[in-house]
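Below are the chains, spelled out letter by letter.
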Amino acid sequence: MKVLLGLILWVSATAVAANDSREFPAQQVKDFEVHNSSGRIEIGTTQSKKAIVETVRKKWSPKCQLSIQHNKAEGLLTVEVEDQSWVLDNDCEVDLKVRLPELVSQRIFSGS
């Protein structure tokens, strides 16, 4: 029984702190927009041929949604963390680390 409980707790902890990394061709990223109501946003430049978005889910529930989209025709890279729970629940906390080419227009929305 103790082993089963330990296994369930370990699986729950690893599911919450899930990391993800996505890469996009840097020459196809001209604009960047991010919406993140809770969590850190770190934006830097890259000299490589790839734009990179790394996410770390610190708090996560079924009411959280993470969307990373790249519109090649417009050159727009959009990252959005949406919390559909009650305002005071604060169930979604995602840290973002983004590496972009130097000449990219940015729109950043942080907080509620």
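Higher on the page you've got the structure.
These figures come from a predicted structure and were not determined experimentally. (Residues numbered from 1 in each chain as written. Predicted model: local features only at pLDDT ≥ 70, side-chain atom pairs only at ≥ 80, totals over all residues. Heavy atoms only, no water.)

Asks: Tell me about the sheet that holds strand 3 (residues 41-45), and name the residues and values.
Replies: Strand order in the open sheet formed by 4 strands is 1-4-7-3, and the pairing between neighbours is mixed. Each having just a single partner strand, strand 1 (19-25) and strand 3 make up the two edges of the open sheet. Strand-to-strand twist in this sheet, taken as the mean axis angle between neighbours without regard to direction, amounts to 15 degrees. With 5 bridges connecting them, strand 3 and strand 7 (residues 93-100) associate as parallel partners. (Pairing = 2+ DSSP bridges. Helix = DSSP H or I, 4+ residues; strand = E, 2+ residues; numbered from the N terminus. Axes fitted to C-alpha atoms, helices over the stretch in contact; angles between N-to-C directions.)

Asks: If you had to explain the sheet that holds strand 8 (residues 105-110) to someone new, which residues and values would you point to?
Replies: Within the open sheet, the 4 strands sit side by side as 5-6-2-8. Their pairing is mixed. Of all the strands in the sheet, just strand 5 (64-71) and strand 8 have a single pairing partner and so form its edges. Recorded for the sheet is a direction-independent mean angle of 5 degrees between the axes of neighbouring strands. Two elements, strand 5 and strand 6 (residues 76-83), share 8 bridges in a ladder whose sense is antiparallel. Within the sheet, the bridge partner assigned to H70 lies in strand 6 and is L77.

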